[in-house]
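If you want the building blocks of each chain, they are given just below.
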Amino acid sequence: MKNKLIKVMQRNQLVDMMYVAKDGSITKRRIKIVKMIGDKFQAFCFTKQAKRTFIFDNVLAIAPVAHKEGWVI
């Protein structure tokens, strides 16, 4: 998972992330990774509208955010 998150940061992508919080609850967050520090990373969380620190091992899944706004079909 760490390698995938590194690629996301290098590409400056937004991702939806499933994450296990400290209390054991599972949350879905939309994030943009700012920097990585050891076994953690900092990201701007659009769900909470604030910068947060996450632990790599607590990330369950990530999915890139597809921007479809403005597409003409």
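What you see is a predicted model, and the numbers here were worked out from it, not measured in a lab.

Conventions adopted
- Residues numbered from 1 in each chain as written.
- Predicted model: local features only at pLDDT ≥ 70, side-chain atom pairs only at ≥ 80, totals over all residues.
- Heavy atoms only, no water.
- Helix = DSSP H or I, 4+ residues; strand = E, 2+ residues; numbered from the N terminus.
- Buried < 20%, exposed > 50% of the residue type's maximum accessible area, 1.4 Å probe, protein only.
- Areas by Shrake-Rupley, 256 points an atom, 1.4 Å probe, with all protein chains shown as cover.
- Lys, Arg positive; Asp, Glu negative; His and termini not counted.
- Charge placed at Lys NZ, Arg CZ, Asp CG, Glu CD.
- Contact = heavy atoms within 4.5 Å.
- Pairing = 2+ DSSP bridges.
- Axes fitted to C-alpha atoms, helices over the stretch in contact; angles between N-to-C directions.

(A) Inspection of the overall build of the chain at higher detail. Helix and strand counts for the chain come out as one helix and five strands. Going from the N terminus to the C terminus, the chain shows its helices and strands as α-β-β-β-β-β. Overall, the chain is about 45 × 25 × 20 Å in size when its C-alpha atoms are taken along their principal axes. In the chain, which comprises 73 residues, the proportion classed as buried is 26%. Counting only carbon and sulfur atoms, one obtains 52% of the accessible surface of the chain, whose full area is about 5300 Å². The distance from the centre of the 15 positive side-chain charges to the centre of the 5 negative ones in the chain is 5 Å.

(B) Seen up close, the side chain of Gln42. Examined against the element boundaries, Gln42 turns out to sit in strand E3 (residues 40-45). Those residues in contact with Gln42 that sit more than four places away from it in its chain are Ile33, Val34, Lys35, Ile37, Lys51, Arg52 and Thr53.

(C) Region of the structure containing unusual backbone geometry. Of note in the backbone geometry, Asn12 takes a positive phi value of approximately 60 degrees without being a glycine. Position of Asn12 among the secondary structure elements: in the loop between helix H1 (2-10) and strand E1 (14-20). Positive phi values are uncommon outside glycine, yet Gln49 reaches one of about 55 degrees. Inspection of the secondary structure assignment puts Gln49 in the loop between E3 and strand E4 (50-55).

(D) The environment of Ala43, seen in detail. Along the chain, Ala43 turns up in strand E3. Between the C-alpha atoms of Ala43 and Gln10, which are 33 residues apart in sequence, the distance is 13 Å. Apart from the residues within four sequence positions on either side, Ala43 is in contact with Ile31, Lys32, Ile33, Val34, Ala50, Lys51, Arg52 and Phe54.

(E) Looking closely at the sheet that holds E3. With antiparallel pairing, five strands are arranged side by side in an open sheet as E4-E3-E2-E1-E5. Bordering the open sheet on either side are E4 and strand E5 (59-64), each of which pairs with just one other strand. Sheet twist, expressed as the average angle between the axes of neighbouring strands with direction ignored, equals 45 degrees. For E1 and strand E2 (residues 26-37), the ladder comprises seven bridges, and the chain directions are antiparallel. Across the sheet, the residue bridging to Asp16 is Arg30, located in E2. Contacts from H1 reach E1, E2, E3 and E5, with the element oriented near 70 degrees to E2.

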